[in-house]
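Reading the structure
So you can see what is in the structure, the chains are spelled out below.
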There are 2 protein chains.
Amino acid sequence: MRFTSQTTSNGVSERLFTFDDIPGVLWSPVGAAGSCPLVLLGHGGGQHKKAPGLVARAHFYVRACGFAVTAIDAPGHGDRPRTEQDERSVAVIRERVAAGEPLGPQIARYNAALAAQAIPEWQATLDALQELDCVGAGRPVGFWGVSMGSGIGVPLVAAEPRITAAVFGLASGETLTEAAARITVPVEFLLQWDDEVVPRDSGLALFGAFASREKTLHANPGRHAGVPAFELESSGRFFTRHLIEGGDSVAVA
Amino acid sequence: MRFTSQTTSNGVSERLFTFDDIPGVLWSPVGAAGSCPLVLLGHGGGQHKKAPGLVARAHFYVRACGFAVTAIDAPGHGDRPRTEQDERSVAVIRERVAAGEPLGPQIARYNAALAAQAIPEWQATLDALQELDCVGAGRPVGFWGVSMGSGIGVPLVAAEPRITAAVFGLASGETLTEAAARITVPVEFLLQWDDEVVPRDSGLALFGAFASREKTLHANPGRHAGVPAFELESSGRFFTRHLIEGGDSVAVA
């Protein structure tokens, strides 16, 4: 793992790194003594490790929750080379989103192919990050990623036992539903009631498929890109509950 | 409004009152200077103003959020006289719940009749409470009530403009759906994924019916009585956002 830059802003350290040719970024609290729980951020389709929404989310998790946070560019995204297939798929995604149409099985297959490549990348990155003092091998790990972030994240969390809590959403499809049935860690799942690219029933079906004892669906009005801001804080509470407090949150009110 | 007792515990003042023959309870922060936002609690079928879950909720809202909180016995419940119809309906509810069956239109009609009586009672109680120093007429008012609490609460909130944020859930039916379509204030709606007395699709349909620009569905696995404990804190954040911070929480993340 090679760090290529370090900056700090508002108490948040941001370090760019490359690891096995994968560009990534690690945010952590400035001056934290010892290790922090780690949250992995999976960006959306056509986005990258430092998309503005991801940076704002990382700063919130570091400052409000005291987590270390990391993101890497998905295959064919950000600073990574694009194949012809990447270009074609991104073009299809943009067309469908612009037309307000469901992404369909073609994009589900593309996401599945990305996931097959991204899962070992995430796992190797996690190995390397856990050797850093600010992360440490013994601390809990969470995953946040919606839309394509779930397309990669759901099979990642199904495969990776170090991840013990996850926020997913804005996604559906048979491949993900099969992976979800192997996930038993706590899940918070975001659904947009008027999602133009993920039909409502298919999103509800994916939520239904998780085998987790604790899973909570947060559905809000609006389109695919319209997740309300208050869900950021909610996800911070979810991760705090599971990565720091370790409480039995399925007690009945 | 006649106060009949006052006790304090852990920084929470609890005063029992009667108003127009309706027994109620008011919880508020001990030693609060000035007025507080007020949250009305609607209890469930067969329960009453001081059911253990309601008392715990009231203490949480007072201590964690600084609200005043009130509950009154619904018609035919708690310390109020029961009619033969009340006895019959409660017996039917208990049978259906014990058998794990949907409550059905008969109970929906009973709840609608209760609501018709309870709405002016709540409104008169609110008039009287707003004359107290610890509540005040100018402060925002919220409503929390699930199951029968929503059976009364949804038409109450549709009718009462002083209530500016509400938590509902575990309910459905045509009467409520019609009332929900007249509600535009922020709503948090609880749904139990495996609710044995409220079919899932009918609960989703009631959520869909609210005309609110901000409405958020929280669905969790489990049966009717199994709402997870973390939803208490979530509702506290929801009320804090709307009754204290007054923020535009529908900004996009």
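To be clear, the structure that these remarks concern was listed above.
I will try to describe carefully the structure that is included in this document.

Each value, and the rule that gives it
Residues numbered from 1 in each chain as written. Chains lettered and ligands numbered in written order. Predicted model: local features only at pLDDT ≥ 70, side-chain atom pairs only at ≥ 80, totals over all residues. Heavy atoms only, no water. Salt bridge = Lys/Arg side-chain N within 4 Å of Asp/Glu carboxyl O. Helix = DSSP H or I, 4+ residues; strand = E, 2+ residues; numbered from the N terminus. Buried < 20%, exposed > 50% of the residue type's maximum accessible area, 1.4 Å probe, protein only. Phe/Tyr/Trp six-rings, centres within 6.5 Å; stacked < 30°, edge-to-face > 60°. Expected span 1.5 Å × (residues − 1). Bend = angle between axes of the 7 residues up to and from the residue. Polar contact = N/O pair within 3.5 Å; in protein donor to acceptor, adjacent residues only side chain to side chain. Contact = heavy atoms within 4.5 Å. Buried area = accessible area lost by both parts, 1.4 Å probe.

1. Considerations on the pattern of salt bridges
Opposite charge on two side chains permits them to pair, given that their charged atoms come into close proximity. Using the criterion set out here, one finds 24 salt bridges over all chains in the structure. In this structure, Arg237 of chain B engages Glu233 of chain A in a salt bridge whose closest nitrogen and oxygen atoms are separated by 2.4 Å. Within this pair, whereas Arg237 of chain B is found in helix H7 (residues 230-245), its partner Glu233 of chain A is found in helix H7 (residues 230-245), the two belonging to separate chains. Given the relative accessible area of 26%, Glu233 of chain A is considered partly exposed. The network of salt bridges with common partners includes Lys49, Asp73 and Asp79 of chain A.

2. Remarks on the packing of aromatic side chains
All names here are of chain A. Tallied over the full model, the rule gives 22 aromatic pairs over all chains. Measuring from ring centre to ring centre gives 5.7 Å for Tyr61 and Phe239, while their planes differ by 85°; the resulting arrangement is edge-to-face. One end of the pair, Tyr61, is in helix H1 (residues 52-65); the other, Phe239, is in helix H7, and 178 residues separate them in sequence. Across this residue pair, the class does not change: Tyr61 and Phe239 are buried.

3. A few points about helix H3 (residues 104-129) of chain A
An ideal rise of 1.5 Å per residue puts 38 Å on 26 residues; H3 of chain A measures up with 35 Å between its terminal C-alpha atoms. Roughly 30° is the biggest bend found in H3 of chain A, and it falls at Ala118 of chain A, with proline Pro120 of chain A one to four residues downstream.

4. Some points on the side chain of Ser150 of chain B
All names here are of chain B. Here Ser150 lies in helix H4 (residues 148-159). Look at Ser150 and you get buried, because its relative accessible area is 0%. At 2.9 Å, the side chain of Ser150 and the backbone nitrogen of Gly169 are in polar contact. Excluding residues that lie within four positions of it along the chain, Ser150 makes contacts with Gly145, Pro155, Phe168, Gly169, Ala171 and Leu176.

5. Let's talk about unusual backbone geometry
Glycine aside, negative phi is the norm for most residues, and most peptide bonds take the trans geometry. Residue and element names in this part refer to chain A. Phi angles above zero are rare outside glycine, and Asn10 is one such case at about 50°. Looking at where Asn10 falls in the secondary structure, it is placed in the loop between strand E1 (2-9) and strand E2 (12-19). By relative accessible area, which is 58% here, Asn10 ends up exposed.

6. Digging into the interface of chain B and chain A
The interface is formed by 28 residues belonging to chain B together with 28 residues belonging to chain A. Both faces combined, the contact of chain B with chain A buries some 2300 Å², and carbon together with sulfur accounts for 61% of it. Where chain B touches chain A, the interface holds two salt bridges. For the pair chain B and chain A, the interface holds seven residue pairs in polar contact (both at pLDDT 80 or more).

7. A short note on H4 of chain B
All names here are of chain B. For H4, with 12 residues, the first-to-last C-alpha span of 17 Å sits near the 16 Å given by 1.5 Å per residue. Counting buried positions along H4 yields 10 of 12 residues, so the element is predominantly enclosed. For H4, the set of buried residues is Met148, Gly149, Ser150, Gly151, Ile152, Gly153, Val154, Pro155, Leu156 and Val157. Of the surrounding elements, those touching the buried residues of H4 are strand E4 (38-42), helix H3 (104-129), strand E6 (141-145), strand E7 (163-169) and helix H5 (174-180).

Function cannot be read off these values alone, since they describe shape.
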